[in-house]
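Okay, here's what each chain looks like letter by letter:
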Amino acid sequence: MTTQQTAVVSVDHLNKVYESRERRVEAIGDLHFDVRPGDFTCIVGPSGAGKTTLLKCLSGLLAPTRGMVRVNGRQVIAPPEEMAVVFQEYGRSLFPWKTVRENVELPLRERKIPKTERDQLVQRALDAVGLGGVGTSYPWQLSGGMQQRVAIARAVAYQPKVMVLDEPFAAVDAQTRADLEDLMLRLWSELGLTMIFVTHDIDEAVYLGQRVLVLSSSPTRVLDDVVIDLPGPRTQAHTRIEPRFAQLRTRVYDGIHRAKAAH
Ligand code: ADP
Ligand code: MG
């Protein structure tokens, strides 16, 4: 297929079964989609739909049962170099005994990037997420929203081509969430990243995405693939009250509703 050449991430008939002695869960039935470079793709689906499972397969943390994921044409069998992942539980993803700066620096150390370059990348990433002044603080001294910014800064410093996020704002208050959403849009446009953003929040998906994939309950498949043709730049105050926003929101909502009803 020609799409494989242009896709940065290609999910090829992915299937994932969790099997233990007691039970067998087919988390992902058959997922098949491509993500083009520079796209902002949101993935929504009911709780338990297999969204986290999908992201673990994308990021090489979990081996598929059948099918495969390709990043830039190469089969994913380990965490791809060009991908950074931000998980929901920022509390658990940051090391409390390391400063903000040290947390952001960690993946760069692992990649053996020289100190001067490391310092530059860390400072630029902290500035980009509005945390330029708190590098010497510890994560536990910061609010939840700021901690999630640290996790995002760590991903940015790594200079990924693809950023994958798993319900990253589920645990922060509404105002912080709105700010973080706008931060994502800004990073996406400034850094030219390919974003794959999982959320269970329909409004968030429509606000952020250029495309929303609606997943069914497990065994998961793609129920709907919605092009979000809202004009940019998007703003919290204006985009969310556009009639087109409401239409798209309804379409995604109906998809999720069908997914739940079918379960
Ligand atoms: P989501 O992120 O959409 O809420 P998950 O990917 O976490 O969904 O889970 C999908 C299904 O797989 C659920 O039924 C869940 O209970 C099951 N599951 C997830 N992880 C495991 C695991 N490690 N072992 C067994 N079952 C699992
Ligand atoms: Mg999940």
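A few points on the structure.

1. Notes on the nonpolar core
Among soluble globular proteins, nonpolar side chains are generally buried collectively.
Here comes step 1: Of all hydrophobic cores here, the largest spans 54 residues; its most connected members are Phe40, Ile152, Met184, Val212 and Val252.
Here comes step 2: The dominant element in this core, judged by the number of residues it contributes, is helix α6 (residues 144-157), at seven residues.
Here comes step 3: With residues near it in sequence (within four places) discarded, isoleucine 152 still touches Val86, Val129, Phe169, Leu180, Leu183, Met184 and Leu187.
Here comes step 4: If you look at the next biggest cluster of nonpolar residues, it comprises 23 residues, including Leu55, Cys57, Val71 and Leu215.

2. Regarding the pairing of strand β9 (residues 211-215)
Regular strands show a simple pattern: their side chains alternate between the two faces of the sheet.
Here comes step 1: A large share of β9 lies buried, amounting to five of its five residues.
Here comes step 2: Residues of β9 alternate between two faces, with Arg211, Leu213 and Leu215 on one and Val212 and Val214 on the opposite face, all of them buried.
Here comes step 3: Alignment of β9 against strand β10 (residues 222-227), held across five bridges, turns out to be antiparallel. The residue of β10 that forms the bridge with leucine 213 is aspartate 225.
Here comes step 4: Hairpin connection, β9 to β10: the antiparallel pair is bridged by six residues.

3. Examining the sheet that holds strand β7 (residues 162-166)
Here comes step 1: Strands sit in the order β6-β7-β8-β3-β9-β10 across an open sheet of six strands; the sheet is mixed. Each edge of the open sheet is held by one strand with a lone partner, namely β6 (83-86) and β10. Each strand axis lies, on average, 15° off the axis of its neighbour in the sheet, ignoring direction.
Here comes step 2: Across the sheet, helix α10 (residues 243-262) is in contact with β3 (40-44), β9 and β10; its angle to β10 comes to roughly 175°.

4. Structural notes on the layout of surface pockets
Here comes step 1: Size it by volume and the largest pocket reaches roughly 760 Å³.
Here comes step 2: Residue lining of the largest pocket: 25 residues in total, with Leu61, Val85, Val86, Phe87 and Arg154 positioned closest to the centre.
Here comes step 3: Put simply, the parts of the chain that give the lining of the largest pocket at least two residues each are α2 (51-58), β6, α3 (90-93), α4 (100-110) and α6.
Here comes step 4: A per-element tally of the lining of the largest pocket places β6 first, with four residues.
Here comes step 5: Residues that form the lining of the largest pocket fall into these classes: 14 nonpolar, four polar and seven charged.
Here comes step 6: As a volume, the second largest pocket reaches approximately 230 Å³.
Here comes step 7: Taken together, Leu121, Arg124, Ala125, Ala128, Val156, Ala157, Gln159, Pro160, Leu187, Glu190, Leu191 and Leu193 make up the lining of the second largest pocket.
Here comes step 8: Within the residue set of the lining of the second largest pocket, elements represented by two or more residues are α5 (115-128), α6 and α7 (174-191).

5. A word on the sheet that holds strand β4 (residues 66-71)
Here comes step 1: The four strands lie next to each other as β2-β1-β4-β5, forming an open sheet whose pairing is antiparallel. Whereas interior strands pair on both sides, the edge strands pair on one side only; in this sheet they are β2 (24-35) and β5 (74-75).
Here comes step 2: Sheet topology note: the strand β1 (residues 9-19)/β2 ladder contains eight bridges and is antiparallel. Paired with valine 9 across the bridge in β2 is valine 35.
Here comes step 3: Contacts from α2 reach β1, β2 and β4, with the element oriented near 120° to β1.

6. Section: the site of ligand 1
Here comes step 1: The environment of ligand 1 is made up of Tyr18, Arg23, Val25, Ala27, Pro46, Ser47, Gly48, Ala49, Gly50, Lys51, Thr52 and Thr53.
Here comes step 2: Separating an oxygen atom of ligand 1 from a backbone N or O atom of lysine 51 is a distance of 2.8 Å.
Here comes step 3: For ligand 1, whose free accessible area comes to 560 Å², the fraction covered by protein is 64%.
Here comes step 4: Sorting the residues of the shell around ligand 1 by element identifies β2 and α2 as the ones contributing at least two each.
Here comes step 5: Take the shell around ligand 1: its biggest share by element is three residues, from α2.
Here comes step 6: Split into classes, the residues belonging to the shell around ligand 1 amount to five nonpolar, five polar and two charged.

Reading the values: rules and limits
Counting restarts for each chain: residues are numbered from 1 in the order of the written sequence. Throughout, the order in which chains and ligands are written sets their labels, letters from A for the former and numbers from 1 for the latter. A pLDDT threshold of at least 70 governs which residues receive local features in this predicted model, and a stricter bar of 80 or more applies before side-chain atom pairs are shown or counted, although totals over entire chains, interfaces and linings include all residues. Hydrogens and waters are ignored; side-chain quantities use all the structure's heavy atoms. Think of a nonpolar core as a cluster: buried Ala, Val, Leu, Ile, Met, Phe, Trp, Tyr and Cys residues, connected wherever their side-chain atoms sit within 4.5 Å. A 1.4 Å probe rolled over the protein chains alone gives each residue an accessible area, and that area as a share of the maximum for its type sets the label: buried under 20%, exposed over 50%, partly exposed in between. Strands are runs of DSSP state E lasting at least two residues, helices are runs of H or I lasting at least four, and both sets are numbered from the N terminus onward. By definition in these notes, contact holds between two residues if any of their heavy atoms fall within 4.5 Å. Any two strands with at least two DSSP bridges between them are considered paired. Here an axis means a line fitted to C-alpha atoms, over the contact stretch when the element is a helix, while the angle between two N-to-C directions is reported on a 0 to 180 degree scale. Of the grid points, spaced at 1 Å and generated over the protein atoms alone, those admitting a 1.4 Å probe that cannot get out make up cavities, while open sets with protein on both sides within 12 Å along at least five of seven lines make up pockets; any residue with an atom within 4 Å of a point is treated as lining. Grid points are joined across faces, edges and corners, and a volume is the space filled by probe spheres set on the points. Charged residues are taken to be Asp, Glu, Lys and Arg, nonpolar residues to be Ala, Val, Leu, Ile, Met, Phe, Trp, Tyr, Cys and Pro, and polar residues to be all remaining types, Gly included. We call a residue near a molecule or strand as soon as one heavy atom of that residue lies within 4 Å of the molecule or strand. Side-chain atoms alone can form a polar contact between residues adjacent in sequence; in general such a contact is a pair of N or O atoms within 3.5 Å, and within protein one must be able to donate a hydrogen while the other accepts it. Using the Shrake-Rupley algorithm and a 1.4 Å probe, accessible areas are obtained, with residue cover drawn only from the displayed protein chains.

Note that every value here comes from positions in space, so none of it alone points to a role or purpose.
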